[in-house]
Every structure is written in C-alpha cells, then in structure tokens.
Amino acid sequence: MYLAHLRLLTSKLGKKASRNLGAIHLEGRDKNRTVILMVEVHEESVYVKHHKAKLVYILSAMRHHAELLRSEGWLVDYVTLDDPENAGSFTGELARAIERHAPKQICVTEAGEWRVKAMLDSWHDRFVVPVTINPDNRFLATHAEFEAWAEGRKQLRMEYFYRNMRCKSGLLMDGNDPAGGQWNYDAENRKPANRDTAIPRPLHFTPDPITRDVMHLVTAHFSDHIGSMDSFGFAVTRADALKQQTHFLDHVLARFGDYQDAMLTDEPFLWHSILSPYINSGLLDPVELCKEVEQRYRDGNIPLNAAEGFVRQIIGWREYVRGIYWLAGPDYVRRNELGATRPLPSFYWTGQTDMHCMSQAIGQTLEYAYAHHIQRLMITGNFALLIGVEPQEVHQWYLAVYADAYEWVELPNTLGMGQFADGGMLASKPYAASGAYINRMSDYCRTCRYDVKSKTGPDACPFNSLYWDFIARNEAKLRGNSRMAMPYKNWERMSATDKSALQRQATKFLETLG
Ligand SMILES: Cc1cc2nc3c(=O)[nH]c(=O)nc-3n(C[C@H](O)[C@H](O)[C@H](O)COP(=O)(O)OP(=O)(O)OC[C@H]3O[C@@H](n4cnc5c(N)ncnc54)[C@H](O)[C@@H]3O)c2cc1C
Ligand code: SF4
C-alpha cells in the first residue's frame, strides 16, 4: 500500500506541493483540465495483512484529502473499496478511469516500492495514453544523489551521507561547519528514563464520521487482519498532523535526545514524536519539520543534542534507508546472509509470552500500530535475530503491523538493521544483545517472570543464552567483523562447560517455541 500511487492525474501536470497527501504534483495545473483519480484497492490492502489501525489511518486520510481537494475546486474521481465496480488493483482501476475520462495524458508519482514500480512501468505498454512518472518530491536526496554518493565506496555508512545532507540543506550549519562544532551529539543521548520524570503523551484525535465509516469498512472487509482500532487516535488531516507536530516541538522535543533509547512499562510513546505515519504519507513535510526543530534550537528553547539527534533521524536515517532500498535492487528482500530459517513465533501475533519486554512491545503494537525505534530494533528485532527467524517472515510482520510501514523504509530497517540479513550493507554489525542491554535501558525486567541476571536454569532470561547461542552459531560469518571482536573474545574466554550449558539452555528454550 502506498499512497503516492493511489492518485493519477488525467491531464498535463507539473510539480507540486509536498503538503499534499502522497505527493501529488499539482502546482501550475489547470483545475478545468485535470481529474485527480484516487482509488482504494483491495490488492494494496491485503498484499500483507496490514494492521486494522493502519488501514483506517490511510483510507481515512485519503478520504479527508479528497474532500480538501474538492473544496479547493479540484475534480476528484474517488473510488471506494466497496464500490461494486472496483477492479481491485491500481492497473484495473486506471483502465476503468481511462474509459470514463478519455484522458490525453496520465501523470503519476514514482513508485515507493519495487512491486508498484513494476506495475507502473507496465502502463507504458499497456495503455495507449502517454504516462508521465514524476519524482517523489517528499525527500531531500534524489536517487541520483544517493547513487553518486554510494559510487565507489567500500562501506555505505549513514554518518557520512548524513553530513552531505546537512550541507545540502543547511540545517544546523554555521557556514560550512556543523552547529556547535560537532556533527553528532549521540554521546549525550540515550539515557534510561525513570517514572519521576513527567512523561508526555501524544495528542489523541477522536475519530470523526469519515473515520468511523472507514472503521466500519475495515471491520466488514478485513476482520481477519491483526490489531485493534479501539485506541485509534491518529490525525487524518494535515491540519491535525500539524497540531501533533507543534505539540511535539513545544512539549516533547527538548528531551528527545536524552531518552531516545529508553523504555518504560506501559509507556508506549515516551519522548518520541509519533510523526512517522504523517511524514511517510505526505501530511507533513520532513524538511519543513526539521527547519522548525532548528528554529527551536536557535531560539534557545531546546538543547543541541535534541535538535541534532532529531534532524539526524530525518535527513540522515530516513533518507539513507530509502537510498539503500533503491540501490540494493528488487532482490534485496531475498537476502539472508545468516541463513536463518526459523518461523516467526506465534506470539508475535498475540503478545502472549512471559517475556515482559516482548509482551510490552508487541502488546502496544497490536493496540496502537506503533512501537518506537528501540523496541523495534532491540526487543522484537533482536529476539528474531537471536533465534534465527527467516528474514522474509520478520519483514512481512513489520510491514503489516506499523502505521508508518512502507517497504522502502521498513525493509532496510528490518532486513538490514534488524536482522543483518544483508551482510552489513546497512549496519556495520548485528544489533544483537543479551538481557543486560534491555535491563539497562528499561524497567521491563523488574516485573518479568524471568531473571535477567541468570543465564541458565528455569528462571534465566531467555535473551542471555540466546545471545551466546547466536554468537556461537554464526561464528563463521561474524568472527571476521572487527566490531564483533569483543563478544568473540568473551566467548573464547568461557569454559567449555559454560559454553555447552548456555547452548543447552538456548536449545531447550527454542524447543518451547514449537
Ligand atoms: C525493524 C525496524 C523496522 C522499522 N520500520 C519502519 C517503518 O516501517 N517505517 C518507518 O517510518 N520507520 C521504521 N523504522 C524506523 C523507526 O523505528 C520509526 O521511524 C520510528 O519508530 C517512528 O516513530 P516516531 O515517529 O515516534 O519516531 P521518532 O523517534 O520521533 O523519530 C523521528 C523521525 O525520524 C525518522 N526515523 C527515525 N529513525 C528512522 C529509521 N531508522 N529509518 C527511517 N526513518 C527514521 C522517522 O520519520 C521518525 O518519525 C523501523 C525501525 C526498525 C528497527
Ligand atoms: S528478564 Fe529478559 S525476558 Fe524478561 S524483560 Fe528482561 S530482558 Fe526481557
């Protein structure tokens, strides 16, 4: 599912407006000679079984956006999912629209994933009407820029790409130098949080009649999809998304850097922005948002570690993973460097496990279609990596369950960063950790049935033995990685008895997963 391609413009169109949902290019177009086609199609709703709240967010945002366009005088041809004539696919709906409107030209924004790109590319041959594919104007780096940066490099490390983006955008730059004299203030970030600090909450937007209609539609058509709609509170218009943006800038951002990696029981959002669904679907403009962040810093309202940390996530990580996705090609999805084959444990779909960290991360995912970065990477991702889940299965799960998940951003994060399945194209080492890391960054272990300090025995934290089992199992592939030198040194130092006790413990636990 990718919004940028649910609309086709049936007249000669130019560039526009990052403010439009899904990057429709409308600037300079003639309202009398343009039909905007927006379609809700079954195929895009089920290629993975998207979380119900994700479907509600996207379909409701589309419907609200159609209303806005109409109110501005555009002619919008909107096909709902339950229209009996709906052909069920982008291509099928375009064919029907061509019959209705007999356009002289079709304009569409470039695809956001390889699957849809293949579809769009087939339209040139399939339809007699000329098809123009416009670039997606919601990113700072073009494909050509990323390719030029990557050309000839042995390692594609985000940090260096990010510096280019800082220079290109001028964000947090003092002339040619980074603000404050350093590019990166991570050393000041990543503190554990405690409950004494007042914890902010994101705004909750009560579903309006349009959203409630979509909820009924989702109940009727996608009841077998994962997740709940009961706590649905996403903004579905740009105006409301901007309210969440301002709320974040005013009340949350100052401590974003400090608590970026923190986790607390029953606190799903902490000091995160909860803006990714809006940025990825086009309700918010990433560069405009970063400029606001910089302004808060320049005005003395937020510290540099928070401003820099946030800007890095957007013009660094977000742009970089997109670059990797397109550079790596359509076969990237099949990479499996560590040869992992295990199925995804069934509790990923229910949250029912005694591991408190996992039940927290999965439970809030089912409820809100949201988990923050460290939960995705170091809890659910780490666990799948340690037990050796087949990367495709992990990918399909992440793509389905998060409201912000689109393949261009989800796949490199999951396959590359989370599972090391690309052999280090994206990450310099696997993000594998034992219970000690989770205990350091969260309060989850305090109320867990397992003992985070134990490595063996019936109460031992599963992450501990699984971590060492992972290290041992993947020795041939990972020992040569200089960033893995320390774990392998520690593994070597262990006695044979300790090693086999850990591996027996891991095997026993894995048997319980079925
Ligand atoms: C396994 C895994 C899967 C992920 N899947 C997705 C996904 O499908 N869609 C998605 O947008 N992000 C994904 N991420 C990145 C990140 O977890 C989310 O962007 C973030 O949690 C969104 O919540 P937030 O808006 O509160 O982010 P904040 O913590 O407030 O961060 C601010 C913004 O920075 C951007 N950002 C931060 N980290 C990343 C990153 N690694 N890649 C891309 N953008 C980033 C996002 O736009 C985010 O809104 C994934 C990370 C992992 C480890
Ligand atoms: S003890 Fe282990 S399983 Fe339990 S919350 Fe801590 S890390 Fe997770």
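Please refer to the structure higher up on the page.
Because the structure is a prediction, the values reported are computed rather than measured.

Here is what the cut-offs are and how they apply
Residue indices begin from 1 for each chain and proceed along its sequence in written order. Following the order in which they are written, the chains are lettered starting with A and the ligands numbered starting with 1. Two thresholds apply to this predicted model, a pLDDT of at least 70 for residue-level local features and 80 or more for giving and counting side-chain atom pairs, whereas whole-chain, interface and lining totals are computed over all residues. Only hydrogens and water are set aside when side-chain values are computed; all heavy atoms of the structure are taken into account. Starting at the N terminus, helices and strands are each numbered in turn, a helix being any DSSP run of H or I of at least four residues and a strand any DSSP run of E of at least two. Note on exposure labels: buried denotes an accessible area under 20% of the residue type's maximum, exposed denotes more than 50%, and partly exposed covers the range between, all computed with a 1.4 Å probe on protein chains only. Contacts were defined at the residue level, with two residues in contact if any of their heavy atoms lie within 4.5 Å. Only Phe, Tyr and Trp rings take part, Trp by its six-membered ring, and two of them pair if their centres are within 6.5 Å. Stacked means planes under 30 degrees apart, edge-to-face means over 60, and tilted covers everything else. Each ring is checked for a lysine NZ or an arginine CZ that lies within 6 Å of its centre and within 35 degrees of its normal; such an atom marks a charge sitting over the ring. Strand pairing is assigned whenever DSSP identifies at least 2 bridges connecting the two strands. Residues are labelled near a given molecule or strand when at least one of their non-hydrogen atoms is within 4 Å of it. Here the term charged refers only to Asp, Glu, Lys and Arg, the term nonpolar to Ala, Val, Leu, Ile, Met, Phe, Trp, Tyr, Cys and Pro, and the term polar to all other amino acids, Gly among them. Nitrogen and oxygen atoms within 3.5 Å of one another constitute a polar contact, given that in protein one can donate a hydrogen and the other can accept it, and given that sequence-neighbouring residues count only through two side-chain atoms. With residues, only the protein chains shown are counted as cover, and all accessible areas are computed by Shrake-Rupley using a 1.4 Å probe. Each nonpolar core is a collection of buried residues, namely Ala, Val, Leu, Ile, Met, Phe, Trp, Tyr and Cys, held together in the definition by side-chain atoms within 4.5 Å. Here a helix's expected span is defined as the number of its residues, less one, multiplied by 1.5 Å. Between N-to-C directions, angles cover 0 to 180 degrees, with each direction set by a line fitted to C-alpha atoms, over the stretch in contact for helices. Angular relationships are summarised with four words: roughly parallel below 35 degrees, roughly antiparallel beyond 145, roughly perpendicular across 65 to 115, and oblique for the angles in between.

A. Inspection of the environment of N413 at higher detail. By secondary structure assignment, the location of N413 is in helix α15 (residues 407-418). For N413, a relative accessible area of 23% puts it in the partly exposed group. In the structure, N413 is positioned 96 residues away from W317 in sequence and 9.5 Å away in space, judged by C-alpha atoms. The contact partners of N413, leaving out residues within four places of it in the chain, are V321, H373 and G418.

B. Broad picture of the packing of aromatic side chains. With the rule as written, the count across this model stands at 31 aromatic pairs. Ring geometry for F139 against W408: centres 5.0 Å apart, planes inclined by 90°, an arrangement best described as edge-to-face. In this pair, F139 is assigned in the loop between β5 (131-134) and α5 (143-150) and W408 in helix α15, connecting sequence segments 269 residues apart. Per residue, the accessibility class of F139 equals that of W408, and both read buried. Taking the centre distance of 5.6 Å and the plane angle of 80° together, the rings of W317 and Y320 count as edge-to-face. Separated by three residues within a single helix, W317 and Y320 lie in helix α11 (residues 304-328), roughly one turn from each other. The rings of F347, Y348, F383, W397, Y398, Y402, F463 and F509 are connected pair by pair, giving a single aromatic cluster. We note K429 situated over the ring of Y431; from NZ or CZ to the ring centre the distance is 5.9 Å. The ring of W491 carries K499 above its face, with NZ or CZ at 5.1 Å from the centroid.

C. Region of interest: the pairing of strand β4 (residues 106-109). Burial along β4 is two-sided: the residues I106 and V108 and C107 and T109 are all buried. Sheet topology places β4 next to β5; four bridges connect them, and they run parallel. Across the sheet, the residue bridging to I106 is V131, located in β5.

D. Seen up close, the site of ligand 2. The local shell around ligand 2 consists of M355, C357, G435, I438, Y444, C445, C448, Y450, V452, C461 and F463. Tallied by class, the residues present in the shell around ligand 2 amount to 10 nonpolar, one polar and no charged.

E. Quick look at the site of ligand 1. Around ligand 1, a shell composed of 28 residues is seen, among which H272, S273, I274, N280 and Y370 lie nearest. Interatomic distance of 2.8 Å between a backbone N/O atom of I274 and an oxygen atom of ligand 1. For ligand 1, an oxygen atom lies 2.8 Å from a polar atom in the side chain of N280. Protein coverage of the free-state accessible area of ligand 1, which is 820 Å², stands at 99%. For the shell around ligand 1, the elements supplying multiple residues, two or more each, are α9 (276-281), α11, α13 (373-387) and α15. The element contributing the most residues to the shell around ligand 1 is α11, with six residues. Split by residue class, the shell around ligand 1 holds 15 nonpolar, nine polar and four charged.

F. View of the nonpolar core. Grouped together as the largest cluster of nonpolar side chains are 151 residues, with contacts concentrated most on Y320, M358 and F383. With 11 residues, α11 is the largest single contributor of residues to this core. Each residue touching M358, except ones within four places of it in the same chain, is listed here: F347, Y348, T353, G363, I379, T380, F383 and F463. Counting residues in hydrophobic clusters, the runner-up holds 18 residues, among them V39, V41, V79 and L94.

G. Region of interest: helix α17 (residues 462-473). An ideal rise of 1.5 Å per residue puts 16 Å on 12 residues; α17 measures up with 16 Å between its terminal C-alpha atoms. Burial of α17 is extensive: 11 of the 12 residues sit out of reach of the surface. Looking at α17, one finds that the buried residues are P462, F463, N464, S465, L466, Y467, W468, D469, F470, I471 and A472. Where the residues of α17 are buried, they touch α12 (356-368), α13, α16 (435-441), α18 (475-478), α19 (485-493) and α20 (496-512).

H. Just the packing of α17 against α19, in detail. Two elements in contact, α17 and α19, have axes separated by 11 Å at closest approach and are oriented at 100°. Comparing their axes, α19 and α17 come out roughly perpendicular. Residues Y467, W468, I471 and A472 of α17 touch α19, and the partners they reach there are P487, Y488, N490 and W491. Residues of the contact of α17 with α19, tallied by class, amount to seven nonpolar, one polar and no charged.

I. How the structure looks around the side chain of Q105. For Q105, the location among the structural elements is in the loop between α3 (90-101) and β4. Side-chain polar atoms of Q105 contact the side chain of T132, separated by 2.4 Å.

J. Spatial organisation of unusual backbone geometry. Positive phi is not limited to glycine here, since R190 has a value of about 70°. In this fold, R190 is placed in the loop between β7 (177-178) and α7 (209-221). We classify R190 as partly exposed; its relative accessible area is 33%. The phi dihedral of D266 falls on the positive side, at around 60°, and the residue is not glycine. Residue class for D266 comes out exposed when judged on its relative accessible area of 60%.

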